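Next come the chains, spelled out residue by residue.
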Amino acid sequence: MTQDTVKVWDVLVRVFHWSLVTSFAIAYLTEDDYQDVHVIAGYVILGLIIFRLIWGFIGSRYARFNSFVVKPSTALSYIKDIKNHSAKRYIGHNPAGAMMVLALIFSLLMTTLFGLMLYGVGEFSGPLAGVMMEVSKSTAHDIEEIHEFFANFTLFLIVLHILGVISASYQHKENLVVSMLNGKKRANATSKEDAS
Ligand code: HEM
């Protein structure tokens, strides 16, 4: 028997997602020994995040922020529902997943912006080199610490993100990873508009 499916993630969201996974892995693994590669991967991440911010306003239905961004209290009560095994199934991001998407985007943006600043101070390179020229050694040190903090914080969020994806997949008996590959989900669930 075939099940009805709905198209949820458009091709650009999927290309964005897996390019982000790849470029984050490359940036994280090359930071010590291959600075040129690290910097290129960082630029790619920044470009992807800027694209996603724009796509969040003009993209397809489930890519738009207004289709999934909820109040923090809604996300918290959704997390309680998960504990009680009564969490609703969503076609787009569920409220907890939506908070995670925003947290990941924010943390990646901070990581790349502080990375650009550091590149300007340490190497006198990149678009911020001119602005960062006068920065003191101790400020440069702080920028480096902040860049590293956000890179590690992003990694922490990624672990939670993957656990969340696995947990939601089990809970609703569907493979969300496959959905992020082929863009489709089983029909007959709730979207933010008709969940409340
Ligand atoms: C192999 C590891 C990963 C898997 C299996 C995975 C899986 C997924 C899945 C299934 C979704 C859709 C969630 C839903 O249905 O609501 C998603 C969304 C998302 N993931 Fe991942 N993910 C992985 C790694 C990452 C990493 C490393 C990052 C960040 C660097 C990331 C950032 C995001 C973002 C930003 C979204 C939102 C997509 C959008 O709306 O544009 N993911 N991920």
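Residues numbered from 1 in each chain as written. Predicted model: local features only at pLDDT ≥ 70, side-chain atom pairs only at ≥ 80, totals over all residues.

Tallying secondary structure elements over the protein chain gives eight helices and two strands in all. Reading the protein chain from its N terminus to its C terminus gives the helix and strand order β-α-α-α-α-α-α-α-β-α. For the protein chain, the spread of C-alpha atoms along the three principal axes comes to 65 × 30 × 30 Å. In the protein chain, once contacts between residues fewer than 6 apart in sequence are set aside, the share between residues at least 24 apart is 67%. (Helix = DSSP H or I, 4+ residues; strand = E, 2+ residues; numbered from the N terminus. Contact = placed C-beta atoms within 7 Å.)

This part is about the site of the ligand. Surveying the vicinity of the ligand reveals 21 residues, the closest of which are Phe24, His93, Gly97, Leu176 and Met180. Those elements that provide at least two residues to the shell around the ligand are α1 (11–30), α4 (95–123), α6 (137–171) and α7 (176–182). Among the elements that make up the shell around the ligand, the one with the highest residue count is α1 (six residues). Its residues assigned to classes, the shell around the ligand comprises 15 nonpolar, five polar and one charged. (Near = placed C-beta within 6 Å. Nonpolar A, V, L, I, M, F, W, Y, C, P; charged D, E, K, R; others polar.)

A separate point is helix α2 (residues 35–58). With 24 residues, α2 should cover 34 Å at 1.5 Å per step; its first-to-last C-alpha distance of 35 Å lies within 8% of that length. Along α2, the residues classified as buried are Val39, Ala41, Gly42, Ile45, Leu48, Ile49 and Arg52. Packed against the buried residues of α2 are α1 and α4. (Expected span 1.5 Å × (residues − 1). Buried ≥ 20, exposed ≤ 12 C-beta atoms within 10 Å, placed from the backbone.)

What follows concerns unusual backbone geometry. Here the phi dihedral of His85 falls at roughly 55°; this positive angle occurs in a residue that is not glycine. Counting through the fold element by element, His85 comes out in the loop between α3 (72–83) and α4. Its identity is not glycine, yet Lys173 carries a phi of approximately 50°, on the positive side. Relative to the elements of secondary structure, Lys173 occurs in the loop between α6 and α7.

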